[in-house]
Amino acid sequence: MADQETLSPTLYAVHIPDEYTETEKREGADWELGAGHYEFGFEVNGARFPVMRLKGGGVAKKLAAAKQRQDSQQQQQPDTTSPTDQGTTATA
Amino acid sequence: MGRALILNTASKANTTGGTFADTLTANSGDSLSVANYDAPADQSGAKVTEMWGIDSDSVAEIAVTLTRQQSVNDQTRGVRFNIPSLIPGGAAVVGSHTMLGGLTTIPLYKSDTFTFTVTSTAADDVIVSWNTLYDNLPGVSSVLASWDSVQALRYTSIGLACNAVASGTPGLYGTGRALNADDTRLIANTWYAILGITVQTVVTTVALSGPDWGGQKIGLPAGALTTDSSSYFVDQSLKWGVPLIPCFNSNNVGNINVFVADGEASTSPKIDFLMYGLTGKPGY
């Protein structure tokens, strides 16, 4: 029985924009471009193995919602810094 | 006889969430009302032949109600449809699921109005499209052909590209794109039959409107489980036993608009329309 080769993949997630191909540009493409995709997968020695493509609009919506939540939480945190922590000591 | 096959879409972006807590509204140019077909009011002159939809982010349940008990059992929940939105693939992947499939229909009566309520999770986007077949709709005389007729008149074949994009607001139609905006190879003054479509990215709904269909929308799903749509209208015609293959004259092509609606914002499916060029107008 042959030895099993173990791969050491890393995860990747990249945005693949919706864009015109060179041929389409030469032919005068002018249609509205969409939100593209986010591709999620594994990378082994530079070789990418896509597992799933999510629509760009869907990912953008979730990222925006997450950012809004984070911003909201940061605003709600009490200010724990004392006055003496702020600024620099005045010098004569 | 003014047979008509009409597509309508209803949607809601950013739902409140909860048990049947949200109500869908008709997309621009579409309607929740049954059109005033030419038959007595107590006769069903129309029926929903296909219905599909998606919740962008979560599983959902949609209740379809009408006022006539001959259409649906009651006005509380009517016909409930589950949508396994995350299968196959997960959120922002699936495009659409079939709600009313096979040979099932919902009979419709004039002056009746659909209500779609949905159980969803907060901040979801929900969209439903449905095809209604009218036996005789005054003012509309759609050029719809049978498969036999299309085969008998077949002169050539073409796949025509049109790159319409969904709206930046999930569920709504994007800007209509002329059928000849991206591909101008149609032969002038020639009749073409639209058999179906292929896409690169799944979407909930692809629609067309044009003068040969009385200005009404026709359309089809292109979700993960229905993306083999290259013979959709042929299959519809054979399935329902009436001519349902939309045809148009290429002189009208600049006035035929393609619309895309999806559960996600700005989806760009890249559509190729599979068509036969015909030697003449079907039925003449």
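Since this is a predicted model, take the numbers as computed values, not measurements.

A.B. asks: Explain the pairing of strand β1 (residues 4-12) of chain B to me, please; I cannot follow it from the model alone.
C.D. replies: As a general feature of sheets, a regular strand has side chains that alternate between the two faces. Residue and element names in this part refer to chain B. Counting buried positions along β1 gives eight out of nine residues, so the element sits mostly inside the fold. As judged from the nine bridges shared by β1 and strand β10 (residues 126-134), these two strands associate in the antiparallel manner. Along β10, the bridge assignment pairs Lys12 with Val126. Both β1 and strand β3 (residues 25-26) contribute to a ladder of two bridges, which runs antiparallel. Across the sheet, the residue bridging to Ser11 is Thr25, located in β3.

A.B. asks: Sorry, what's going on with a nonpolar patch on the surface here?
C.D. replies: Residue and element names in this part refer to chain A. A contiguous nonpolar patch, built from Leu11, Phe40, Phe42, Phe49, Val51 and Met52 and spanning about 580 Å² of accessible area, is present on the exposed surface. Among the secondary structure elements, those contributing two or more residues to the nonpolar patch are β2 (37-44) and β3 (47-55). Counting residues per element, the nonpolar patch draws most heavily on β3, at three residues. Its location among the elements puts Phe42 in strand β2.

A.B. asks: Before we go on, may I ask you to explain the confidence of the model for chain B in this structure?
C.D. replies: As a note on interpretation, predicted positions should not be read in detail where pLDDT is low. Looking at chain B as a whole, its pLDDT mean stands at 95, while 99% of the residues score no less than 70. Prediction confidence for the complex, expressed as pTM and ipTM, is 0.91 and 0.85 respectively.

A.B. asks: What exactly am I supposed to notice about the nonpolar core here?
C.D. replies: Burial of nonpolar side chains together is a common tendency in soluble globular proteins. All names here are of chain B. Ranked by internal contacts, the top residues of the largest apolar core, which has 85 residues, are Met51, Phe114, Phe116, Leu179, Phe248 and Phe273. With seven residues, strand β14 (residues 191-199) is the single largest residue contributor to this core. When residues no more than four places from it in sequence are discounted, the contact partners of Phe273 are Ile158, Gly159, Leu160, Cys162, Leu179, Ile194, Gly196, Ile197, Val206, Leu208 and Val258. Counting residues in each nonpolar core, the second largest holds six residues, with Leu5, Leu144, Trp240 and Leu244 among its members.

A.B. asks: Is there a simple way to think about the environment of Ile158(B) in this case?
C.D. replies: Residues and elements named next belong to chain B. Positionally, Ile158 belongs in strand β12 (residues 154-162). Take Ile158: its relative accessible area is 10%, and that puts it in the buried class. Along the backbone, Ile158 and Asp272 are 114 residues apart, and their C-alpha atoms lie at a distance of 9.4 Å. Setting aside anything within four residues of it in sequence, one finds Ile158 in contact with Arg185, Leu186, Tyr192, Phe273, Leu274 and Met275.

A.B. asks: Looking at this structure, I do not really get the side chain of Glu50(B). What am I missing?
C.D. replies: All names here are of chain B. Mapping Glu50 onto the fold places it in strand β4 (residues 46-55). A distance of 2.7 Å separates the side chain of Glu50 from the side chain of Lys239, its partner in a polar contact. Here the side chain of Glu50 touches Trp240 through a polar contact of 3.3 Å, side chain to side chain. Contacts of Glu50, omitting those with residues within four sequence positions, involve Leu100, Gly102, Ser129, Trp130, Asn131, Tyr232, Gln236, Lys239 and Trp240.

A.B. asks: I keep staring at the interface of chain B and chain A and nothing clicks. Help me out?
C.D. replies: It is common to give the size of an interface as the accessible area that goes away when the parts come together. Each side of the interface is counted separately: chain B has 25 residues, and chain A has 15 residues. Buried surface at the junction of chain B and chain A, both sides included, amounts to about 1500 Å², of which 50% is carbon and sulfur. For the pair chain B and chain A, the number of links is six salt bridges. Here Asp57(B) makes a salt bridge to Lys62(A), at a shortest N to O gap of 3.0 Å. Applying the counting rule to chain B against chain A returns 14 residue pairs in polar contact (both at pLDDT 80 or more). Among the residues making up the side of chain B that touches chain A, the classes are represented as eight nonpolar, nine polar and eight charged.

Thresholds applied
Residues numbered from 1 in each chain as written. Chains lettered and ligands numbered in written order. Predicted model: local features only at pLDDT ≥ 70, side-chain atom pairs only at ≥ 80, totals over all residues. Heavy atoms only, no water. Buried < 20%, exposed > 50% of the residue type's maximum accessible area, 1.4 Å probe, protein only. Helix = DSSP H or I, 4+ residues; strand = E, 2+ residues; numbered from the N terminus. Pairing = 2+ DSSP bridges. Patch = residues over 30% accessible without salt bridge, like charges linked within 9 Å, V, L, I, M, F, W, Y side chains within 5 Å. Areas by Shrake-Rupley, 256 points an atom, 1.4 Å probe, with all protein chains shown as cover. Salt bridge = Lys/Arg side-chain N within 4 Å of Asp/Glu carboxyl O. pLDDT = per-residue confidence, 0-100. Core = buried A, V, L, I, M, F, W, Y, C linked by side-chain atoms within 4.5 Å. Contact = heavy atoms within 4.5 Å. Polar contact = N/O pair within 3.5 Å; in protein donor to acceptor, adjacent residues only side chain to side chain. Buried area = accessible area lost by both parts, 1.4 Å probe. Nonpolar A, V, L, I, M, F, W, Y, C, P; charged D, E, K, R; others polar.

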